[in-house]
Amino acid sequence: MKLLCICALLLLKVVFGDSCTSGKFTESGQCCSLCPAGFGVEVQCGKEDTKCTPCPQGTFSSSEGLSACLPCSKCPRSIPTLASCSATEDTQCECGSGYFFLSNYGLCAPCSKCSRGQGVVQECGPKGDRQCQVCGPGTFSEEHSSTKPCQTCTQCSDSEVEIRACMPNSDTLCMDKKLHILSRPSLDGTDGTRDTPSLPGGEEVIAGGEASPAPGTPKFTPQDEGGSNNILAYVSVLAAVVLGLLLYVAYKCWRSCKQKKALSKARAAELGTSPEGEKLQSDSGVFLDSHSLQDNQPSKGTKTDSKQDTRLYINLPPHRQEEVERLLQEGGGRGWRQLGAALGYEPEQLDLFGRGEAPAHTLLSNWAQKESSTLGLLCSALAHIERPDVITGLNSPTQGVSVV
């Protein structure tokens, strides 16, 4: 009897658990209440229901839950504040296009992109990273790195037949019903009938020695003989379409490889004739402070001790910074990632930098915001990863880049 009562109580909790938003209950079986946005938990749900209290100044709670209020974030130096912290929203920092503020690390990180079969439900911006969701019924997304919401599936018209249904990662595939491959052509250019010898009993002789109905009896076209012929025709057309797509993809890959080789040769020739090199393409709207890009202490050809150099990296001229970033980007095994580790960055932070198009620029721009970002410290880190070429480019007064 005791076991039966326990089973009954468990069953009641399972049944009522579906209607309980919090999923937790008091000792008396009452569903625990959630604290609304702008409120935090003062007393956890247990003997009695949850007790909530408004978030004090400097804290916030952006959604319903059973947790305490969170401390507000602070925008780092040289990153402007877009909106101050409130009881229901955290501080919003302006990181620029293509970046969002990651409060856990206190830096601007590149925006994520939705994979194939997913669409954007929240754009990347001051409120956080881009949010993706799998395309639901009637929608699709064929892009491998999408920044758009799911598209509506195509509906085949009355003159078309659907040979592949719409899926989350591909649109509907339709085919014209009037393709010649779906009908048998006539032998004499007429309606498909011809004169054939007949046997006694009113039957006609056809190829192979078999008999067919006499001219007076009804004749069936391939479309009337059943669905098997149509299925074979659809399969043949689908195979031809797939083969054509494969040939097209192979051609595009071959052409892309040729263009890349030609571009590499052109860049190599330009680097051979110009000592300035090529400017890296990056999103310069993030991190950099335009008022501090002037070199207040230009070198006149004399070399100073790198360990005692107290000049700030952010005060270097733009062409020197771009040259250092280019050398680190092309460093192979000892590039920007090893430099970031030597400067004290965690692997998770370096992975975030690597998601952008110019990780070396992102790393150095973020490091330049620190008060200890001196050239002496940077040279020591470069010497630690055995990159004397970058140290030379950092201290050379004649280094520059060509703007492409």
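Residues numbered from 1 in each chain as written. Predicted model: local features only at pLDDT ≥ 70, side-chain atom pairs only at ≥ 80, totals over all residues. Heavy atoms only, no water.

Now for the overall build of the protein chain. Each helix and strand counted, the protein chain has 8 helices and 17 strands in total. A burial count over the protein chain gives 30% of its 404 residues as buried. In the protein chain, of all internal contacts separated by at least 6 residues, the share reaching a separation of at least 24 is 49%. In the form shown here, the protein chain has an accessible surface area of approximately 25,800 Å², with 55% of it arising from carbon and sulfur atoms. (Helix = DSSP H or I, 4+ residues; strand = E, 2+ residues; numbered from the N terminus. Buried < 20%, exposed > 50% of the residue type's maximum accessible area, 1.4 Å probe, protein only. Contact = heavy atoms within 4.5 Å. Areas by Shrake-Rupley, 256 points an atom, 1.4 Å probe, with all protein chains shown as cover.)

So, on to the pattern of salt bridges. One pass over the full model with this rule turns up 5 salt bridges. Here E123 ties to R130 by a salt bridge, and the two come within 3.6 Å at their closest N and O atoms. With relative accessibility at 12%, the residue R130 sits in the buried group. In this structure, the salt-bridge partner of E323 is R326, at a minimum N-O distance of 2.7 Å. Of the two residues, E323 and R326 both sit in helix α3 (residues 318–329), 3 residues apart, roughly one turn of that helix. Relative accessible area serves as the criterion here: at 4%, E323 is assigned to the buried category. (Salt bridge = Lys/Arg side-chain N within 4 Å of Asp/Glu carboxyl O.)

A few words on the packing of helix α5 (residues 347–354) against helix α6 (residues 359–367). Relative to each other, α5 and α6 sit at 130°, their axes nearing to 8 Å. The angle between α5 and α6 falls in the class oblique. For the pair α5 and α6, contact is made by L350, F353 and G354 and by P359, T362, L363 and N366, respectively. Classifying every residue of the contact of α5 with α6 gives 4 nonpolar, 3 polar and no charged. (Axes fitted to C-alpha atoms, helices over the stretch in contact; angles between N-to-C directions. Parallel < 35°, antiparallel > 145°, perpendicular 65-115°, else oblique. Nonpolar A, V, L, I, M, F, W, Y, C, P; charged D, E, K, R; others polar.)

A positive phi angle, close to 60°, is found at E386, a residue other than glycine. Mapping E386 onto the fold places it in the loop between α7 (375–384) and α8 (388–395).

Moving on: the packing of aromatic side chains. Tallying each qualifying case throughout the model produces 3 aromatic pairs. Ring geometry for Y251 against W254: centres 6.1 Å apart, planes inclined by 35°, an arrangement best described as tilted. Here W254 and Y251 lie together in helix α2 (residues 227–273), a separation of 3 residues that amounts to about one turn. Classification of Y251 by relative accessible area gives partly exposed; the value is 42%. (Phe/Tyr/Trp six-rings, centres within 6.5 Å; stacked < 30°, edge-to-face > 60°.)

Within this structure, the stated rule accounts for 12 disulfides. Across a sulfur-sulfur distance of 2.0 Å, C55 and C69 are joined as a disulfide pair. Residues C55 and C69 share a disulfide whose torsion about the S-S bond is about -85°; that sign makes it left-handed. In this pair, C55 sits in the loop between β2 (51–54) and β3 (59–60) while C69 sits in the loop between β3 and β4 (70–71), placing the two residues 14 residues apart along the sequence. (Disulfide = S-S within 2.5 Å.)

With 12 residues, α3 ought to run about 16 Å at 1.5 Å a step, and its terminal C-alpha atoms sit 16 Å apart, in line with that. Residues of α3 that are buried: R320, Q321, E323, V324, E325, R326, L327 and L328. In this structure, the buried residues of α3 make contact with α4 (336–342), α6, α7 and α8. (Expected span 1.5 Å × (residues − 1).)

Turning to the packing of α7 against α8, a few remarks are in order. Close contact between α7 and α8 brings their axes to 8 Å; oriented N to C, the two are set at 155°. One way to sum up the angle between α7 and α8 is to call them roughly antiparallel. The crossing of α7 and α8 is left-handed. Packed against α7, whose contacting residues are L375, L378, C379, L382 and A383, the element α8 presents V390, I391, L394 and N395 at the interface. Tallied by class, residues from the contact of α7 with α8 come to 8 nonpolar, 1 polar and no charged. (Left-handed = near helix turned anticlockwise from the far one by under 90°.)

What follows is about the side chain of T59. Inspection of the secondary structure assignment puts T59 in strand β3. A distance of 2.7 Å separates a polar side-chain atom of T59 from the backbone oxygen of P56. Excluding residues that lie within four positions of it along the chain, T59 makes contacts with C69, L70, P71, C72, C85, S86 and A87. (Polar contact = N/O pair within 3.5 Å; in protein donor to acceptor, adjacent residues only side chain to side chain.)

For the protein chain, per-residue confidence averages 75 on the pLDDT scale, and residues scoring 70 or more make up 70% of the total. Ignoring residues within four places in sequence, the model shows residues 189–214, a span with pLDDT below 50, making 26 contacts including any to other chains. (pLDDT = per-residue confidence, 0-100.)

Right, let's get into the nonpolar core. Across soluble globular proteins, nonpolar side chains have a tendency to be buried as a group. Counting 33 residues, the largest nonpolar core has Y313, L328, L339, L378, L382 and L394 as its most contacted members. Elements with a minimum of two residues in this core: β7 (99–102), β8 (107–110), α3, α4, α5, α6, α7 and α8. For this core, the element with the highest residue contribution is α7, accounting for 5 residues. Y313 has contacts with Q321, E325, L364, W367, A368, S373, L375, L378 and L394, leaving out every residue within four places of it along the chain. Within the second largest apolar cluster, 7 residues are counted, among which are I79, C95, Y99 and F101. (Core = buried A, V, L, I, M, F, W, Y, C linked by side-chain atoms within 4.5 Å.)

Glancing now at the side chain of D129. Considering the arrangement of structural elements, one finds D129 in the loop between β9 (118–122) and β10 (131–134). For D129, the side chain forms a polar contact with the side chain of S112, separated by 2.6 Å. In contact with D129, not counting residues within four places along its chain, are F100, C111, S112, Q122, E123, C124 and R355.

Our focus in this paragraph is α5. Q349, L350, L352 and F353 are the residues of α5 that are buried. Down the axis of α5, the buried side of the element spans an arc of 155°, and every buried residue falls inside it. On its buried side, α5 packs onto β7, β8, α4 and α6. (Arc of directions from axis to C-beta.)

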